[in-house]
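As a plain string of letters, each chain reads:
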Amino acid sequence: MLELVQQITNGVAIGSVYVLIALGLTTVFGILGIAHFAHGSVSMFGGYLVYVLVAFQGVSLWLAIPVALVVGMGVGALIEFLAYRPVRNANHINAFIIALGLTMMVEGLNLQFFGADQVVIPTGFDRVFEIAGVTIPETRLYVVLAATVLVIAMTAFVEGTKTGQAIRAVAQNRDAAILMGVNVRSIPLIVFAMSTMLGVAAGVMVGSLFAIAPGVGEAMVVKGFAVLILGGLGSIPGAIIGGLVLGVTEALAAGFLSSAYKDVIAFVVMIVVLLFRPQGLLGGAK
Amino acid sequence: MKRRFTIGAGLAAAVLAASTSLAGAAEKELLVGVSDALTGPAAVYGVPQARAVELAAEEVNAAGGIRLGEDTYKITVLSYDDKANPTEASNSVRKLLDRDGARFLLGFCCSGATGAVASFIQNEDAVMLVGNAAERSITTRGIDNLVRTRPPADYTGAAAGTFVASKGHKRVAVIGALETSFYAMYVDAFEREFVKGGGEIVTREAFGLKDRDMTPQLTKIRALEPDALLVVGYVEPAAFVYRQSVELGLEVPRYGFTSGSEEQFLRVVSAEQMEGVWDLRPTELTLQSTGETGRAYHENFTARFGVQPSPSSPYAYDQLYALRDAILKAGTAEDAAAVARALRELPVPKEAVMQYIPIDGRMFDENGQAYTTNGAFQWQDGQWVFVQELPSVAEDYSRFLSSVDG
């Protein structure tokens, strides 16, 4: 029993990272209909940025993270403005091609600026907490807490602010939103800024828990899309549930079956869910 | 006055003779190709190896190059990134052979990529010197134009099993990159000797080379209550295992087979979390266990590249000096087959950093395999400390290797 609880605890920490990645993706996809494949690479850029600030510039981690989040918002808005906006009214395939090209470009830039070595963000969080025999490393605890705070903040923003209302209005009916006086030109900028900020937070978490290296962002975005489909396209609660389910399933599969098949098993679970609920766990029926 | 004249005339004659000799001499280029993992997870081994070849080439050139009769060969090193991938390695080597005209191939940190090249190198007019790749079959195929500086993984694994059994452990849990054959081979050899000593392997948990979260496997291991842990894998995943084992409160002695430097481990795991960890590997470069050449290599490498050399990097450094000596012995840099034959007859070069055990006075045995001693290194106060040699008889293993078919 203790082993089971420990495995679930392990999975929740990883699941929290998946949640943040998927939240960013689901927001962009749900509102703008863009499969933003470069999200993972941009997220890792944020992780690299924090690493450089902390390891080479001597900036405190607590300052480096907000700086990276703000830079991430700017980068997200820039991507929308320069890459996706020009093809907003074109065929969907154009945005799809741009997304693929952008992924390669950002991945290449990361490689150019930060090198091929893997990097681990130095946090200094070495404590380990033990609750009823279950051990929780300090970094993992902070990852879960930070993800929770960001999810609550994101939900509050979307549900409780005028801008959030405008975003939801554009997501539901863009033409009606225009008639209601919503500035629809600024909404994609805001959505990309928010989405990239969440992605950067995930990148920092990956860099603190594990490591950032070329290819990690691409792997993360694949997991993010899996969560997106599992939870339901465009659903924020779906991204949360889906991310946690994927993280815990991977941990249980690696712990009780075989680590060699943990990805396979996680995706089998996803396929099984989709067989019974094609719209995803919390996606709306069509 | 007369004496001065005599000396002056002598000097003039010498200068004249030297210039006559130089008039007929030519400086030629000796192209050395390096195929190694310069990016990706295996770059922790491949990059230091490629740099080690570069350093050795610069040293040889600075010392005047390789002089053969009236010709002087200056070495040019051309490196390609094979990403430790068999297809990429085959492509890299084909480019070096067919496009660049290289006849001497060095590097090769990783077994999968090396095995792919080894499968066709015998048909080429070239010489292949393998470094860190530890898969046994690389030197059991009877390839005449291939030699390897690192001993095979099972040679070291057997010695490690005996050592861990001598520590009194009875139940060892294994976690490692077991889908990589040379790591599985190390563990198999380890288990054979460990079981002879009365122990048992309670579980074998695997991780992928790109995996960084090993907590599920470690949680499972913790529940089995082993009295020791054996970690086999590349430096980075192994470092995560060491870090996460501490985070999960797995308080048992930890043994490993990784060949990582202090610098490489400390990028992932703190010195405190590493305290007491053993690395059971060939007696590779560690300042406490090396001689004068090793210390000079460490100093020069650090000055040249701004980072410390990894423990396994001298396998590649030694390749270049072995190649130089083989060319000198063969008396040609144009006949690759003659150089390959000369390699098998070669004593250990005086510049070699690793402590090779010659077989019948030669650096490489009849299989083209070199041997070093094996050693037990322990992490103490932030660094690897050489504690003792592990029991390993190179002559016996060499005979065994000759008996293995393919």
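Since the structure is predicted, the reported quantities are computational estimates derived from the model, not experimental observations.

What counts and what doesn't
- Here, residues in each chain are numbered from 1, in the same order as that chain's written sequence.
- Each chain is given a letter, starting from A, and each ligand a number, starting from 1, according to the order in which they appear as written.
- Per-residue local features of the predicted model are confined to residues with pLDDT of at least 70, and side-chain atom pairs are confined, for both listing and counting, to 80 or more; whole-chain, interface and lining totals are unaffected and use all residues.
- Note: side-chain values were computed over all heavy atoms of the structure, leaving out hydrogens and water.
- Nonpolar side chains (Val, Leu, Ile, Met, Phe, Trp, Tyr) are joined into patches within 5 Å and like charges within 9 Å, using only residues with over 30% relative accessible area and no salt bridge.
- Reported accessibility uses the Shrake-Rupley method at a 1.4 Å probe radius. Residues are deemed covered only where the shown protein chains occlude them.
- Throughout this description, the term salt bridge denotes a Lys or Arg side-chain nitrogen within 4 Å of a carboxyl oxygen of Asp or Glu.
- For the charge count, each Lys or Arg is scored as positive and each Asp or Glu as negative, with His and the chain ends excluded.
- Note on charges: their place is set at NZ of Lys, CZ of Arg, CG of Asp or CD of Glu.
- Secondary structure is summarised from DSSP: a helix means a run of H or I of at least four residues, a strand means a run of E of at least two, and numbering begins at the N terminus for each.
- Each axis is a line fitted through C-alpha atoms, taken for helices only over the stretch in contact, and angles between the N-to-C directions span 0 to 180 degrees.
- Oblique is the label for any angle not covered by the other classes, which are roughly parallel (under 35 degrees), roughly antiparallel (over 145) and roughly perpendicular (65 to 115).
- In a left-handed crossing the near helix is turned counterclockwise from the far helix by less than a right angle, and in a right-handed crossing that turn is clockwise.
- It only takes one pair of heavy atoms within 4.5 Å for two residues to be counted as in contact.
- The classification used treats Ala, Val, Leu, Ile, Met, Phe, Trp, Tyr, Cys and Pro as nonpolar, Asp, Glu, Lys and Arg as charged, and all other residues, Gly among them, as polar.
- Accessible surface is computed with a 1.4 Å probe, and the buried area is the amount of it that two parts give up when combined, taken over both parts together.
- By the criterion applied in these results, polar contacts are pairs of N or O atoms within 3.5 Å in which, for protein atoms, one can donate a hydrogen and the other can accept it, and in which residues neighboring in sequence qualify only through two side-chain atoms.
- Criterion used throughout: strands pair if DSSP finds at least two bridges between them.
- Under the convention used throughout, the expected extent of a helix is 1.5 Å for every residue step, that is, one less than its residue count.
- Each residue is assigned to one of three classes by its accessible area relative to the maximum for its type, calculated with a 1.4 Å probe on protein chains only: buried under 20%, partly exposed between the two thresholds, exposed over 50%.
- By convention a nonpolar core is built from buried Ala, Val, Leu, Ile, Met, Phe, Trp, Tyr and Cys residues, the set being connected through side-chain atoms within 4.5 Å.

Is there a simple way to think about a negative patch on the surface in this case?
Residues Asp-126 of chain A together with Glu-272, Glu-275 and Asp-381 of chain B make up a contiguous surface patch of negative charge. Its location among the elements puts Glu-272 of chain B in helix 10 (residues 271-274).

Whenever I open this one, the packing of helix 2 (residues 39-56) of chain A against helix 4 (residues 92-114) of chain A confuses me. Can you help?
Packed helix pairs are characterised by how far apart their axes lie and by the angle those axes make with each other. Residues and elements named next belong to chain A. Closest axis-to-axis distance for the helix 2/helix 4 pair is 9 Å, and the angle between their directions is 15 degrees. In terms of axis orientation, helix 2 runs roughly parallel to helix 4. Relative to helix 4, helix 2 is oriented so that their crossing is left-handed. Only Thr-103, Val-106, Glu-107, Asn-110 and Phe-114 of helix 4 make contact with helix 2, whose side of the interface consists of Ser-41, Val-42, Met-44, Phe-45, Tyr-48, Leu-49 and Val-52. Tallied by class, the residues present in the contact of helix 2 with helix 4 amount to 8 nonpolar, 3 polar and 1 charged.

Before we go on, may I ask you to explain the interface of chain B and chain A in this structure?
For interface size, the figure often reported is the accessible area lost on association. The interface of chain B with chain A comprises 25 residues on the first partner and 25 residues on the second. Of the roughly 2,000 Å² buried where chain B meets chain A, counting both sides, 47% is carbon and sulfur surface. A per-residue breakdown of the area chain B buries against chain A is headed by Asp-213, Pro-216 and Glu-247 of chain B, which together make up 24% of the total. Counting across the chain B and chain A interface gives 1 salt bridge. Residue Arg-140 of chain A pairs with Asp-213 of chain B through a salt bridge whose shortest N-O separation is 3.0 Å. Taken together, chain B and chain A are joined by 8 residue pairs in polar contact (both at pLDDT 80 or more).

For this particular structure, what's the right way to read a nonpolar patch on the surface?
Among the surface-exposed residues, Tyr-261, Val-264, Val-268, Ile-271, Val-272, Leu-275 and Phe-276 of chain A lie close enough to one another that they form a single nonpolar patch of about 750 Å² accessible area. Topologically, Ile-271 of chain A is positioned in helix 11 (residues 262-276).

I'm lost on the packing of helix 1 (residues 2-32) of chain A against helix 5 (residues 138-160) of chain A in this one. Help?
All names here are of chain A. In the contact formed by helix 1 and helix 5, the axes pass within 9 Å of each other and the chain directions differ by 30 degrees. On the basis of the axis angle, helix 1 is roughly parallel to helix 5. The two elements helix 1 and helix 5 cross, and the hand of that crossing is left-handed. Two secondary-structure elements touch here, helix 1 through Asn-10, Val-12, Ala-13, Ile-14, Ser-16, Val-17, Val-19, Leu-20, Leu-23 and Thr-27 and helix 5 through Arg-140, Val-143, Val-144, Ala-147, Leu-150, Val-151 and Met-154. Residue composition of the contact of helix 1 with helix 5, by class: 13 nonpolar, 3 polar and 1 charged.

How do you make sense of the sheet that holds strand 5 (residues 127-130) of chain B when you look at a structure like this?
Either a parallel or an antiparallel arrangement is found when strands of a sheet pair, and the pairing is made through backbone hydrogen bonds. All names here are of chain B. On the basis of which strands lie adjacent, the open sheet formed by 6 strands has the order 2-3-1-4-5-6 and mixed pairing. The open sheet has two edge strands, strand 2 (66-68) and strand 6 (146-148), and neither has a second partner. Going across the sheet, the axis of each strand differs from the next one's by a mean of 30 degrees, ignoring polarity. Summarising the sheet, strand 1 (residues 26-36) and strand 4 (residues 104-107) pair through 4 bridges and their orientation is parallel. Note on strand 4: the bridge partner recorded for Val-34 is Leu-106. Contacts from helix 2 (residues 43-62) reach strand 1, strand 2, strand 3 (71-81) and strand 4, with the element oriented near 165 degrees to strand 3. Helix 3 (residues 86-99) contacts strand 1, strand 3 and strand 4 of the sheet and is inclined by roughly 150 degrees relative to strand 3.

Explain helix 2 of chain A here, please?
In an α-helix, one full turn covers 3.6 residues, which means residues spaced three or four apart are oriented alike. For helix 2 of chain A, with 18 residues, the first-to-last C-alpha span of 25 Å sits near the 26 Å given by 1.5 Å per residue. Counting buried positions over the 18 residues of helix 2 of chain A gives 14, a clear majority of the element.

Whenever I open this one, the sheet that holds strand 9 (residues 228-232) of chain B confuses me. Can you help?
Residue and element names in this part refer to chain B. If you walk across this open sheet you meet the 7 strands as 8-7-9-10-11-12-13, and the pairing is mixed. Of all the strands in the sheet, the pair left with one neighbour each is strand 8 (200-206) and strand 13 (383-390). Taken pair by pair, the neighbouring strands of this sheet meet at an average axis angle of 25 degrees, ignoring direction. Examined bridge by bridge, strand 12 (residues 374-380) and strand 13 share 7 bridges and lie antiparallel to one another. Bridge assignment links Gln-380 to a residue of strand 13, and that residue is Gln-383.

What is the right way to look at the nonpolar core in this model?
Generally speaking, a soluble globular protein has its nonpolar side chains buried in company with each other. If you look at the biggest cluster of nonpolar residues, it comprises 113 residues, and the most contacted ones within it are Leu-229 and Leu-280 of chain B. Sort the elements by how many residues they give to this core and helix 8 (residues 186-209) of chain A lands first, with 10 residues. Not counting residues within four places of it along the chain, the set of residues in contact with Leu-280 of chain B comprises Thr-156, Ala-160, Phe-163, Val-164, Tyr-186, Tyr-255, Gly-256, Phe-257, Gly-375, Ala-376 and Leu-390 of chain B. The next biggest cluster of nonpolar side chains, apart from the first, holds 46 residues, and it includes Leu-30, Leu-55, Val-339 and Met-363 of chain B.

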